[in-house]
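Here are the chains, one letter per residue:
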Amino acid sequence: MKALNDYLEGRNRIRAMFGERPLDLDNAQDRQQLADDISCSLSPENLTCDGEIPRSVVQRKWQMLTRVRQQLQKLDSQVVFYE
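Residues numbered from 1 in each chain as written. Predicted model: local features only at pLDDT ≥ 70, side-chain atom pairs only at ≥ 80, totals over all residues. Heavy atoms only, no water.

S.K.: Got a minute to help me understand the overall build of the chain in this structure?
M.R.: The helix and strand tally for the chain stands at four helices and zero strands. For the chain, the sequential pattern of α-helices and β-strands runs α-α-α-α. Relative to the globule expectation of 12 Å for 83 residues, the C-alpha radius of gyration of the chain, 13 Å, shows essentially globular dimensions. Dimensions of the chain along its principal axes, counting C-alpha atoms only, are 35 × 30 × 20 Å. Buried residues in the chain amount to 35% of all 83 residues. Taking all contacts inside the chain whose residues are at least 6 apart in sequence as the whole, residues at least 24 apart take part in 55%. When the 12 positive and 13 negative side-chain charges of the chain are each reduced to one mean point, those points stand 6 Å apart. (Helix = DSSP H or I, 4+ residues; strand = E, 2+ residues; numbered from the N terminus. Rg over C-alpha atoms; globule rule 2.2 N^0.38 Å. Buried < 20%, exposed > 50% of the residue type's maximum accessible area, 1.4 Å probe, protein only. Contact = heavy atoms within 4.5 Å. Lys, Arg positive; Asp, Glu negative; His and termini not counted. Charge placed at Lys NZ, Arg CZ, Asp CG, Glu CD.)

Encoded structure:
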């Protein structure tokens, strides 16, 4: 679950900058929020930064986000990812 924990830590750092409460994997709503964030990040526009980043970076981002998605699904089979 390292990838998921690393992703959560990064998301919570960003949330802290905006004064938002941290997300918690023990909370079902927070797990769904993470699933929504991952789905959004995997959209072609966001994944490729509108074509502004090299393909190698896109592949690394996709691999990391896919790993995080799998770990979140393993943790909670009830989360819904949109495509």
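Having seen it, we continue.
S.K.: How should I be thinking about the pattern of salt bridges in this particular structure?
M.R.: A side chain of one charge can pair with a side chain of the opposite charge when the charged atoms of the two come close. Following the criterion strictly, the structure yields six salt bridges and no others. The salt bridge partner of Arg13 is Glu9, with a shortest N-O separation of 2.9 Å. In this pair, Arg13 and Glu9 are both assigned in helix H1 (residues 2-17), four residues apart and thus about one turn of the helix distant. On the accessibility criterion, Glu9 (48% relative accessible area) is partly exposed. (Salt bridge = Lys/Arg side-chain N within 4 Å of Asp/Glu carboxyl O.)

S.K.: Can you walk me through unusual backbone geometry in this structure?
M.R.: Peptide bonds are mostly trans, and most non-glycine residues show a negative phi. A positive phi is found at Cys49, a non-glycine position, where the angle reads about 50°. Inspection of the secondary structure puts Cys49 in the loop between helix H3 (44-47) and helix H4 (55-75). Residue class for Cys49 comes out partly exposed when judged on its relative accessible area of 35%. One non-glycine residue, Asp50, lies in the positive phi region at around 55°. One can find Asp50 in the loop between H3 and H4.

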